[in-house]
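Per-entry structural report
What follows is each chain in one-letter form.
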Amino acid sequence: MAERGRLARLVLGEPLARASSAGWVYPLPPLTRLTRALRVAVGLGGVLAGILCLGLAVLWGVPACAAATSADYARVQERAAANRELSTYVGTPLRCERVPTHYRFTEDGASFRFWVEGPRGRAEVSATVQAGQVSRFALLRVRFG
């Protein structure tokens, strides 16, 4: 029982009131009550922030990993590597973004917008895949330097 009291004192701080040897109960001073309330509030806020971060990581991370590892995105990356206009502007070797900036999957295909980087600059590319083939591939803008 004494061990349980020590553990509660470590977690919650000192008790809400102090008892004297004569049996009188003295309330804690206001500053002590305030610091205890703030400690509990900060602890609960930290737990809630952790749960929120975990939820957002699952909400954004899982679809992004699915898009980055999809076969459609691999086809679009191959098309970007073979595109002459793109290599003319940014040079070779080309390196595509690991995770596309924007992606949308539909029943019959997918659309991606991503950056391609080369030795002379970066280019933003938009591509659409339908029925396993890249149906639209467009160079949106180029940034040199």
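Not measured: the values here are computed from a predicted model.

Looking now at the environment of Gln 133. One can find Gln 133 in strand β7 (residues 133–144). In this structure Gln 133 comes out as exposed when scored by relative accessible area, which is 56%. When the C-alpha atoms of Gln 133 and Gly 109 are compared, they prove to be 8.8 Å apart, with 24 residues separating the residues in sequence.

Residue Pro 93 is reached from Thr 92 by a cis peptide bond, and omega for that bond is 5°. Structurally, Pro 93 can be placed in the loop between α4 (84–90) and β3 (95–96). At Ala 131, a position not held by glycine, the phi torsion is positive, near 55°. Residue placement: Ala 131 occurs in the loop between β6 (121–130) and β7.

Bridge count between strand β4 (residues 102–105) and strand β5 (residues 109–118): 4 bridges; the pairing is antiparallel. Each residue of the ladder has a partner; that of His 102, found in β5, is Arg 113.

Let us look at the packing of aromatic side chains. Here the distance between the centres and the angle between the planes together describe a pair of aromatic rings. Summed over the entire model, instances satisfying the criterion amount to 4 aromatic pairs. Taking the centre distance of 5.2 Å and the plane angle of 50° together, the rings of Tyr 73 and Phe 112 count as tilted. Pair noted here: Tyr 73 is in helix α3 (residues 71–82) and Phe 112 is in strand β5, with a separation of 39 residues, a long-range link. We classify Tyr 73 as buried; its relative accessible area is 0%. Clustering of aromatic rings is evident, with ring pairs tying together Tyr 73, Tyr 103, Phe 105, Phe 112 and Phe 114. Seen from the ring of Trp 115, Arg 122 lies directly overhead, with NZ or CZ sitting 4.4 Å from the centre.

Time to look at helix α2 (residues 30–68). For α2, which comprises 39 residues, the first-to-last C-alpha distance of 56 Å matches the rise-based estimate of 57 Å (1.5 Å per residue) to within 8%. By the largest-angle criterion, Gly 61 marks the main kink of α2, which is about 25°, and a proline, Pro 63, follows within four residues. Residues of α2 that are buried: Arg 36, Ala 64 and Ala 67.

By secondary structure assignment, the location of Asp 72 is in helix α3. With residues near it in sequence (within four places) discarded, Asp 72 still touches Gly 109, Ala 110, Phe 112 and Val 129.

Let us now look at the nonpolar core. Ranked by internal contacts, the top residues of the largest apolar core, which has 15 residues, are Val 76, Leu 86, Phe 112, Phe 114 and Phe 137. Of all the elements in the fold, those that place two or more residues in this core are α3, α4, β5, β6 and β7. Look past the residues within four positions of Phe 137 in its chain and what remains in contact with it is Val 76, Arg 79, Ala 80, Asn 83, Leu 86, Val 125, Ser 126 and Ala 127.

As a further point, take a nonpolar patch on the surface. A cluster of nonpolar side chains, contributed by Leu 52, Leu 56, Leu 59 and Trp 60, occupies part of the molecular surface with about 440 Å² of accessible area. Tracing the backbone shows Trp 60 in helix α2. Looking at Trp 60, the relative accessible area reads 59%, which means it is exposed.

Definitions and limits used
Residues numbered from 1 in each chain as written. Predicted model: local features only at pLDDT ≥ 70, side-chain atom pairs only at ≥ 80, totals over all residues. Heavy atoms only, no water. Helix = DSSP H or I, 4+ residues; strand = E, 2+ residues; numbered from the N terminus. Buried < 20%, exposed > 50% of the residue type's maximum accessible area, 1.4 Å probe, protein only. Pairing = 2+ DSSP bridges. Phe/Tyr/Trp six-rings, centres within 6.5 Å; stacked < 30°, edge-to-face > 60°. Lys NZ or Arg CZ within 6 Å of the ring centre and 35° of its normal. Expected span 1.5 Å × (residues − 1). Bend = angle between axes of the 7 residues up to and from the residue. Contact = heavy atoms within 4.5 Å. Core = buried A, V, L, I, M, F, W, Y, C linked by side-chain atoms within 4.5 Å. Patch = residues over 30% accessible without salt bridge, like charges linked within 9 Å, V, L, I, M, F, W, Y side chains within 5 Å. Areas by Shrake-Rupley, 256 points an atom, 1.4 Å probe, with all protein chains shown as cover. Salt bridge = Lys/Arg side-chain N within 4 Å of Asp/Glu carboxyl O.

None of this, on its own, says anything about what the molecule does.
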